[in-house]
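# Geometric and topological summary
The chain contents come next:
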Amino acid sequence: MSMILSASVVRVRDGLPLSASTDYDQSTGMQECRKYFKMLSKKLSQLPDRCTLKTGQYNINFISSLGVSYMMLCTENYPSVLAFCFLDELQKEFITTYNMMKTNTAIRPYCFIEFDNFIQRTKQRYNNTRSLSTKMNLADMQTEIKLRPPYQISVSELGSANGFSHVPVGEYKGSGKISAAPHQRLEPVTLPGIVSFVLSLLCGALNLIRGFHAIESLLQNEGEDFSYVIAFFLGTAACLYQCYLFVYYTGWRNAKSFLTFGLICLCNMYLYELRNLWQLFFHVTVGAFSTLQIRLRQPQGKSPDYNV
């Protein structure tokens, strides 16, 4: 019999389970699938937003959106279009019920366990296909799956569990590439982080333009100080390096960001005669803001084991 067996809602960045259906099946196959749920939850940030994992007589499907992933376990013969329509309904209801602030700041596992009531009602509807009245949604989902089919995950991509060693994930059609680089991944970018990145680029561009103008002035007037040119270009390099530190993880990242901010302050102190107080305030404030955002965007830690 084809049916949905269980479902859960998981935060993408750290695998924290936010809600899950109450399952009573304790068979060996179900216990094995719960292990796959746990393994998948630790790798959600590295996977596409729509995936399927085939595990013998069961399939695990999930979709991710706005930092939350919706996962479900069904029998292998359950229609794929129905599975993703089910997940789409969970996603719409969860987004409507809980705002992003609550999901981002949640600390305890299963802190939205009351969402299980909606999961159970929806699961019953989708397990009784005769009474299912979502023909338009099914047609839309069928078209969407044909245009952008879910990425098929292999068990070997999940890591070293059950005797399987980790195999780096390569390219897959229609979904880009999964990052398998050995460097540390950083937390997702926030709106203040994007603003600081853009402002740092702006400050770097302004320093670069003023540096070229200083070179022109130096060529026209031999008495001009060449050190101003150096200060402008050092300011440009410092701003661009702040952008680099914000995007990529490196060793001693926080210390480098403070040293870079110190260099920005020194350059602006030296350029005191060429800039007014508002310009100095703008450059130093942007440097401080970017340093703060670098400090706040920490590397992603190892996903804790929540017995998903």
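Given the structure is predicted, the values throughout are model-derived calculations rather than measurements.

Reading guide: rules and limits
- Residues numbered from 1 in each chain as written.
- Predicted model: local features only at pLDDT ≥ 70, side-chain atom pairs only at ≥ 80, totals over all residues.
- Heavy atoms only, no water.
- Helix = DSSP H or I, 4+ residues; strand = E, 2+ residues; numbered from the N terminus.
- Buried < 20%, exposed > 50% of the residue type's maximum accessible area, 1.4 Å probe, protein only.
- Contact = heavy atoms within 4.5 Å.
- Areas by Shrake-Rupley, 256 points an atom, 1.4 Å probe, with all protein chains shown as cover.
- Core = buried A, V, L, I, M, F, W, Y, C linked by side-chain atoms within 4.5 Å.
- Pairing = 2+ DSSP bridges.
- Phe/Tyr/Trp six-rings, centres within 6.5 Å; stacked < 30°, edge-to-face > 60°.
- Lys NZ or Arg CZ within 6 Å of the ring centre and 35° of its normal.
- Axes fitted to C-alpha atoms, helices over the stretch in contact; angles between N-to-C directions.
- UniProt positions renumbered as here; feature names shortened; annotations may be inferred.
- Parallel < 35°, antiparallel > 145°, perpendicular 65-115°, else oblique.
- Left-handed = near helix turned anticlockwise from the far one by under 90°.
- Nonpolar A, V, L, I, M, F, W, Y, C, P; charged D, E, K, R; others polar.

### Comments concerning the overall build of the protein
Counting secondary structure elements, the protein contains nine helices and six strands. Counting all 308 residues of the protein, 43% fall into the buried class. Within the protein, residue pairs in contact and separated by at least 24 positions form 69% of the contacts whose partners lie at least 6 positions apart. Accessible area of the protein: about 16,800 Å², with a carbon and sulfur share of 61%.

### Observations regarding the nonpolar core
Core analysis: the largest hydrophobic core is formed by 30 residues, its most contacted members being Leu18, Leu90 and Phe94. Ranked by the residues each element gives to this core, the list is headed by helix 2 (residues 80-97), at nine residues. When neighbours within four sequence positions are excluded, leucine 18 is seen to be in contact with Val9, Val10, Arg11, Val68, Phe94, Thr103, Ala106, Tyr110, Cys111, Phe112 and Ile113. Residues Met39, Phe62, Met71 and Ile153 belong to the second largest nonpolar core, which totals 21 residues.

### Some thoughts on the pairing of strand 2 (residues 17-20)
Inspection of the sheet shows strand 1 (residues 4-11) paired to strand 2 by three bridges, in the antiparallel sense. Across the sheet, valine 10 pairs through a bridge with proline 17, a residue of strand 2. In this structure, the hairpin formed by strand 1 and strand 2 is closed by a connection of five residues, where glycine 15 is found at a positive phi of approximately 75°.

### What to know about the side chain of serine 257
Within the fold, serine 257 resides in helix 8 (residues 253-270). Here serine 257 falls in the buried class, since its relative accessible area comes to 0%. Apart from the residues within four sequence positions on either side, serine 257 is in contact with Gln242, Leu245, Thr291 and Ile294.

### Some thoughts on the environment of leucine 240
Within the secondary structure, leucine 240 sits in helix 7 (residues 227-247). Considered as a pair, leucine 240 and leucine 201 are 39 residues apart in the sequence and their alpha carbons are 6.4 Å apart.

### Topic: the packing of aromatic side chains
Taken as a whole and assessed by the stated rule, the structure comprises 14 aromatic pairs. Geometrically, the ring pair formed by phenylalanine 94 and phenylalanine 115 is edge-to-face, given 5.2 Å between the ring centres and 90° between the ring planes. Highlighted residues: phenylalanine 94 in helix 2 and phenylalanine 115 in the loop between helix 3 (100-105) and helix 4 (116-127), separated in sequence by 21 residues. Considering the side-chain rings of phenylalanine 115 and phenylalanine 118, the 5.5 Å spacing of their centres and the 35° angle between planes classify their relative orientation as tilted. Of the two residues examined, phenylalanine 115 and phenylalanine 118, each falls in the buried class. Grouping aromatic residues by their ring pairs yields a cluster made of Tyr70, Phe94, Tyr98, Phe112, Phe115 and Phe118. Over the ring of phenylalanine 84 we find arginine 50, and its NZ or CZ is 5.8 Å from the ring centre. Directly above the ring of phenylalanine 246 sits arginine 297, whose terminal nitrogen or CZ lies 5.2 Å from the centroid.

### Remarks on the sheet that holds strand 6 (residues 151-153)
The strand order across the open sheet formed by six strands is 2-1-5-4-3-6, and the pairing between neighbours is mixed. Where the open sheet ends on each side, the last strands, each with one partner, are strand 2 and strand 6. The average angle at which neighbouring strand axes cross in this sheet is 20°, direction not considered. Strand contacts of helix 4: strand 1 and strand 2, with the helix running at about 145° to strand 1, the strand carrying the most contacts.

### Quick notes on the UniProt feature "transmembrane region" (unreviewed entry) in the protein
Residues annotated by UniProt as "transmembrane region" (unreviewed entry) correspond here to residues 189-209, 229-248 and 255-272. Along residues 189-209 one finds 90% helix and 0% strand; the C-alpha atoms at either end are 29 Å apart. Taken end to end, residues 255-272 is 89% helix and 0% strand, and its two terminal C-alpha atoms sit 26 Å from one another.

### Side note on the packing of helix 7 against helix 8
Where helix 7 meets helix 8, the closest approach of the two axes is 9 Å, and the angle between their N-to-C directions is 155°. As the angle between them shows, helix 7 and helix 8 are arranged roughly antiparallel. Crossing geometry of helix 7 relative to helix 8 is assigned as left-handed. Contacts between helix 7 and helix 8 involve Ser227, Tyr228, Ala231, Leu234, Gly235, Ala238, Cys239, Tyr241, Gln242, Leu245 and Phe246 from the first element and Arg253, Lys256, Ser257, Thr260, Phe261, Leu263, Ile264, Cys267 and Tyr270 from the second. The residue inventory of the contact of helix 7 with helix 8, partitioned by class, reads 13 nonpolar, five polar and two charged.

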